[in-house]
Amino acid sequence: MDLFQNVKAVQEKIAAAARAAGRDPGEITLCAATKVQSNDTIRAAIAAGIQVCGENRVQELTAHLEANAYSGAQVHFIGHLQTNKVKQVVGRVELIHSVDSPHLLQAVARQAEKLGLVQDILLEVNIAGEESKGGVRPEALPELAELVLASNFVRLRGLMAIPPVSTVSGANRKYFSQMRNLFVDIMKKMSDNQSVMDCLSMGMSADFEDAIAEGATLVRVGTALFGPRPPMGSPC
């Protein structure tokens, strides 16, 4: 695996997809999904140009933070977050992508208040209504967004979605388009938050170019950077 080449190749594809959509490539953030990667691999990815790392599991996040593996990059939490693990995440990452319920939102806000900080979050939307995935239903999104505005300790930065797995090219564009429409709609309804509603997190290794075409501002890429994931085990 040549991380320098992989990072460059993904960056070039992001730039090409942005230009094809009439967008500035600088609008798109590449978040390296570092699930099951070692400390050394994460350090190598940052040395190769990765500026944002996204972690899926609290255990791995904690281990990598203790090893200072993310030095030189921002850290986002992009996986499912249980309320009993909120204390291990709030205030330790720049952005939580996966807030999807009033209960989790309240837990994040309470911990942020204890720490005396404002935690940036995204609201995760279950855009395809999949039973196996987390995320707020699209019709319930405005109500959850209003709850964010009611708190002084969380700040809504945007939305996130994980569309269905598909092997058919272009199959998820309809979901990405729906997410863009939701994003614009929420921005219009939340005038007090427009200055920070700047992140639409969608698209992964197999479909990030389609996501960019439909308006993604952040793509979460793992396999295209690191290759197939190694077996689950120690992240160190």
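Just above sits the structure.
Report on the accompanying structure. This is a predicted model, so every value here is computed, not measured. (Residues numbered from 1 in each chain as written. Predicted model: local features only at pLDDT ≥ 70, side-chain atom pairs only at ≥ 80, totals over all residues. Heavy atoms only, no water.)

A closer look at the overall build of the protein
Assigned secondary structure in the protein consists of eight helices and eight strands. For a compact globule of 236 residues, the expected C-alpha radius of gyration is about 18 Å, and the protein comes in at 17 Å, within 12% of that figure. Summarising its shape, the C-alpha atoms of the protein cover approximately 45 × 40 × 35 Å along the three principal directions. Here the protein holds 236 residues, and the buried ones make up 50% of them. A separation threshold of at least 6 residues defines the contact pool for the protein, and within that pool the share at least 24 residues apart is 60%. As presented, the protein carries roughly 11000 Å² of accessible surface, and 47% of it is formed by carbon and sulfur atoms. Within the protein, one finds 23 positive and 25 negative side-chain charges whose respective centroids are separated by 2 Å. (Helix = DSSP H or I, 4+ residues; strand = E, 2+ residues; numbered from the N terminus. Rg over C-alpha atoms; globule rule 2.2 N^0.38 Å. Buried < 20%, exposed > 50% of the residue type's maximum accessible area, 1.4 Å probe, protein only. Contact = heavy atoms within 4.5 Å. Areas by Shrake-Rupley, 256 points an atom, 1.4 Å probe, with all protein chains shown as cover. Lys, Arg positive; Asp, Glu negative; His and termini not counted. Charge placed at Lys NZ, Arg CZ, Asp CG, Glu CD.)

As for the packing of helix α5 (residues 141-149) against helix α6 (residues 173-189)
Two numbers describe how α5 lies on α6: the axes approach to 11 Å, and their chain directions differ by 45°. Taken together, the axes of α5 and α6 are oblique relative to one another. For the element pair α5 and α6, the recorded crossing hand is right-handed. On α6, the residues that touch Leu141, Pro142, Ala145 and Glu146 of α5 are Leu182, Ile186 and Lys189. For the contact of α5 with α6, the per-class residue count stands at five nonpolar, no polar and two charged. (Axes fitted to C-alpha atoms, helices over the stretch in contact; angles between N-to-C directions. Parallel < 35°, antiparallel > 145°, perpendicular 65-115°, else oblique. Left-handed = near helix turned anticlockwise from the far one by under 90°. Nonpolar A, V, L, I, M, F, W, Y, C, P; charged D, E, K, R; others polar.)

Quick look at helix α4 (residues 102-115)
With 14 residues, α4 extends 20 Å from end C-alpha to end C-alpha; this agrees with the ideal 20 Å at 1.5 Å per step. Residues of α4 that are buried include every one of Leu104, Leu105, Ala107, Val108, Ala109, Gln111 and Ala112, and no others. Those residues of α4 hidden inside the fold are in contact with β4 (95-99), β5 (119-125), α5 and β6 (154-161). Directly beyond the C-terminal end of α4, a positive phi value near 70° is found at glycine 116. (Expected span 1.5 Å × (residues − 1).)

Points about unusual backbone geometry
One non-glycine residue with positive phi stands out, namely valine 36, at about 65°. Residue position: valine 36 is located in the loop between β1 (29-33) and α2 (39-47). Residue asparagine 68 is not a glycine yet carries a positive backbone phi of 60°. Relative to the elements of secondary structure, asparagine 68 occurs in the loop between α3 (58-66) and β3 (74-77).

Side note on the pattern of salt bridges
Taken as a whole, this structure holds nine salt bridges when the rule is applied. Here arginine 43 and aspartate 40 are joined by a salt bridge, their closest N and O atoms 3.0 Å apart. A residue pair is termed a helical-turn pair when its members lie 3 or 4 positions apart in one helix, as arginine 43 and aspartate 40 do in helix α2 at three residues. When its relative accessible area of 34% is taken as the criterion, arginine 43 is described as partly exposed. The exposed category is assigned to aspartate 40, whose relative accessible area is 57%. (Salt bridge = Lys/Arg side-chain N within 4 Å of Asp/Glu carboxyl O.)

What to know about the environment of arginine 173
Within the element layout of this structure, arginine 173 appears in helix α6. The exposure class assigned to arginine 173 is partly exposed, which follows from its relative accessible area of 33%. Spatially, the C-alpha atoms of arginine 173 and valine 90 are 32 Å apart, while their sequence positions differ by 83 residues. When near neighbours in sequence (up to four residues on either side) are disregarded, arginine 173 contacts Asp210, Ala213 and Glu214.

Topic: the state of the cysteines
Two cysteines joined by a covalent bond between their sulfur atoms form a disulfide. Here the structure, examined in full by the defined rule, presents zero disulfides. Distance from the sulfur of cysteine 53, which forms no disulfide, to the nearest cysteine sulfur (cysteine 31) is 7.3 Å. This cysteine, cysteine 199, is not joined by any disulfide, and cysteine 31 carries the nearest cysteine sulfur, 9.0 Å off. Residue cysteine 199 is classed as buried on the basis of its relative accessible area of 5%. (Disulfide = S-S within 2.5 Å.)

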